[in-house]
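# Chains, contacts and geometry: an overview
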Amino acid sequence: MTTVDPRADLSALHGPGGSGLRFLVGQYVALTKPRIIELLLITTIPVMFLAARGVPDLLLVLATLVGGTLSAGSANTLNCYIDRDIDAVMHRTKKRPLVTGTISPRGALVFGIILAVVSTVWLGLLVNWLSAWLALAALLFYVVGYTLLLKRRTAQNIVWGGAAGCMPVLIGWSAVTNSLSWSAFILFMVIFFWTPPHYWPLSMRFKQDYADAHVPMLPVVERLVVVAKQIAIYAWAMVLTSLALVPVAGMGWIYTVVALASGGVFLAESHRLLSGARAGIPELKLRPMRLFHLSITYLTILFVGVAIDPIWHLALPGIA
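Next up on the list: the pattern of salt bridges. Think of it this way: side chains of opposite charge can pair up when their charged atoms draw near. As enumerated under the stated definition, the model contains seven salt bridges in all. Residue D83 is joined to K151 by a salt bridge in which the shortest nitrogen-to-oxygen separation is 2.7 Å. Residue D83 is located in the loop between helix 3 (58–82) and helix 4 (84–87), and its partner K151 is located in the loop between helix 7 (129–150) and helix 8 (157–161); the two are separated by 68 residues in the primary sequence. When its relative accessible area of 8% is taken as the criterion, K151 is described as buried. The shortest N-O distance in the salt bridge between D87 and R96 comes to 3.2 Å. By relative accessible area, D87 is classed as buried at 3%. Residues participating in the shared-partner salt-bridge network are D83, D85, K151 and R152.

Turning next to the packing of helix 6 (residues 105–126) against helix 7. Where helix 6 meets helix 7, the closest approach of the two axes is 6 Å, and the angle between their N-to-C directions is 155°. When the axes of helix 6 and helix 7 are compared, the pair comes out roughly antiparallel. Two packed elements cross with a definite hand, and for helix 6 against helix 7 that hand is right-handed. Note on element contacts: helix 7 touches helix 6 through W129, S131, A132, W133, A135, L136 and L139, opposite A116, T120, V121, L123, G124 and L125. In terms of residue class, the contact of helix 6 with helix 7 is made up of 10 nonpolar, three polar and no charged.

With that out of the way, let us pick up the packing of helix 13 (residues 224–249) against helix 14 (residues 253–278). Running from amino to carboxyl end, helix 13 crosses helix 14 at an angle of 170°, the nearest separation of the two axes being 9 Å. Of the possible angle classes, the one that applies to helix 13 and helix 14 is roughly antiparallel.

Here the focus is the packing of aromatic side chains. Tallied over the entire structure, the rule returns nine aromatic pairs. The interplanar angle of 65° and the centroid separation of 5.0 Å between the aromatic rings of Y28 and F111 together place this pair among those described as edge-to-face. Here Y28, found in helix 1 (residues 21–31), pairs with F111, found in helix 6; they are 83 residues apart in sequence, far enough to count as distant. Assessed through its relative accessible area of 11%, Y28 is described here as buried. Summarising the aromatic geometry, the rings of W160 and F192 are spaced 5.7 Å apart at their centres and angled 55° between planes, so their arrangement reads as tilted. Placement of the pair is W160 in helix 8 and F192 in helix 10 (residues 182–205), with a sequence separation of 32 residues. Connected via pairs of aromatic rings, a cluster forms that spans W160, F192, F193, W200 and Y234. The ring of Y81 carries the charged tip of R84 above its face, separated from the ring centre by 4.4 Å. Looking at R92, its charged tip hangs above the ring of F206, at a distance of 5.6 Å from the centre.

L245 and F303 are the most contacted members of the largest nonpolar core, which has 93 residues in total. Among the elements that make up this core, the one with the highest residue count is helix 10 (13 residues). If near-sequence neighbours (up to four positions away) are discounted, F303 is found in contact with I42, T43, P46, V47, V169, L187 and I191.

With 25 residues, helix 3 ought to run about 36 Å at 1.5 Å a step, and its terminal C-alpha atoms sit 36 Å apart, in line with that. Across the 25 residues that make up helix 3, a large majority, 18, are buried. The opening residue of helix 3, the one whose side-chain oxygen lies 2.8 Å from the backbone nitrogen of L59, is D57.

Despite not being glycine, R53 has its phi angle at roughly 55°, a positive value. In this fold, R53 is placed in the loop between helix 2 (34–52) and helix 3. Non-glycine residue N178 carries a positive phi angle of around 55°. Mapping N178 onto the fold places it in the loop between helix 9 (167–177) and helix 10.

What follows concerns helix 6. The end-to-end C-alpha distance of helix 6 is 31 Å, a good match for the 32 Å that 22 residues give at a rise of 1.5 Å each. For helix 6, the complete set of buried residues consists of P105, G107, A108, G112, L115, A116, S119, T120, L123 and G124.

What follows covers the confidence of the model for the protein. Per-chain confidence: the protein averages 91 in pLDDT, with 94% of residues scoring 70 or above. Counted against residues more than four places away or in other chains, residues 1–15, with its pLDDT under 50, gives 28 contacts.

Quick notes on the rules
Residues numbered from 1 in each chain as written. Predicted model: local features only at pLDDT ≥ 70, side-chain atom pairs only at ≥ 80, totals over all residues. Heavy atoms only, no water. Salt bridge = Lys/Arg side-chain N within 4 Å of Asp/Glu carboxyl O. Helix = DSSP H or I, 4+ residues; strand = E, 2+ residues; numbered from the N terminus. Buried < 20%, exposed > 50% of the residue type's maximum accessible area, 1.4 Å probe, protein only. Axes fitted to C-alpha atoms, helices over the stretch in contact; angles between N-to-C directions. Parallel < 35°, antiparallel > 145°, perpendicular 65-115°, else oblique. Left-handed = near helix turned anticlockwise from the far one by under 90°. Contact = heavy atoms within 4.5 Å. Nonpolar A, V, L, I, M, F, W, Y, C, P; charged D, E, K, R; others polar. Phe/Tyr/Trp six-rings, centres within 6.5 Å; stacked < 30°, edge-to-face > 60°. Lys NZ or Arg CZ within 6 Å of the ring centre and 35° of its normal. Core = buried A, V, L, I, M, F, W, Y, C linked by side-chain atoms within 4.5 Å. Expected span 1.5 Å × (residues − 1). Polar contact = N/O pair within 3.5 Å; in protein donor to acceptor, adjacent residues only side chain to side chain. pLDDT = per-residue confidence, 0-100.

Right under this line is the structure:
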């Protein structure tokens, strides 16, 4: 890991590819990894609809989204700060601001800490303190548990580290109810089981990057067929867990059909990958990124079903 340059400060406005205040702001925004945050918000809002059994208070939704965005932005920024050495080695991350030098390490560290403090206070004062502590716990687990302790030490890094990405559903539920429930924990587990089959196909695509950076992602340390089998196992666990929400939360036809249809497509693609790996098809021809992109679509569709079902509830026979 590179050392912090004591001469670097927050006022540096020039760097490769641009200059000026607008460019600098854009570089700080890039540290927060906005595309990842979008995925987290996709899971937060629908859970608030389910917790409210309808349309929640829109100001509460806005306050929760702002606080959640700031918290996730802090976690991602601190992740970039800690991983700046391996980001410089990996092809897909070599243009991140800390690698190109457009943002100083000290600047990123200060920015990440400020976001952590502001997000916690924001959620505590404008939402509730349960949501604030859950967001802070997710932030600390991602930065310390995943980035510092797990990522460079075990092939199960993304499995357990992915728990931080499950927290938005608990935050969304607690924002509405100031409590937690089994329904929220089931959705937590859906995302927990979703994370490996979402991330391992990406790791397969960039396996050499991780190998060069000495990060033991599963595709780096195991045969392709082993990875594909694990993906299929987690996919089944994910789909079955998503169906457990039906009796526990009293979901209706809309969610049930969405969960079955989207889950079926996900399982089919997972088994396509496994069948190809068993047949010895070369990795490039397996196209693992198909499953990666499908996983994002799956999560989006499933949580849209979570949001719509309580609004236009069509009860299943025998389920209230």
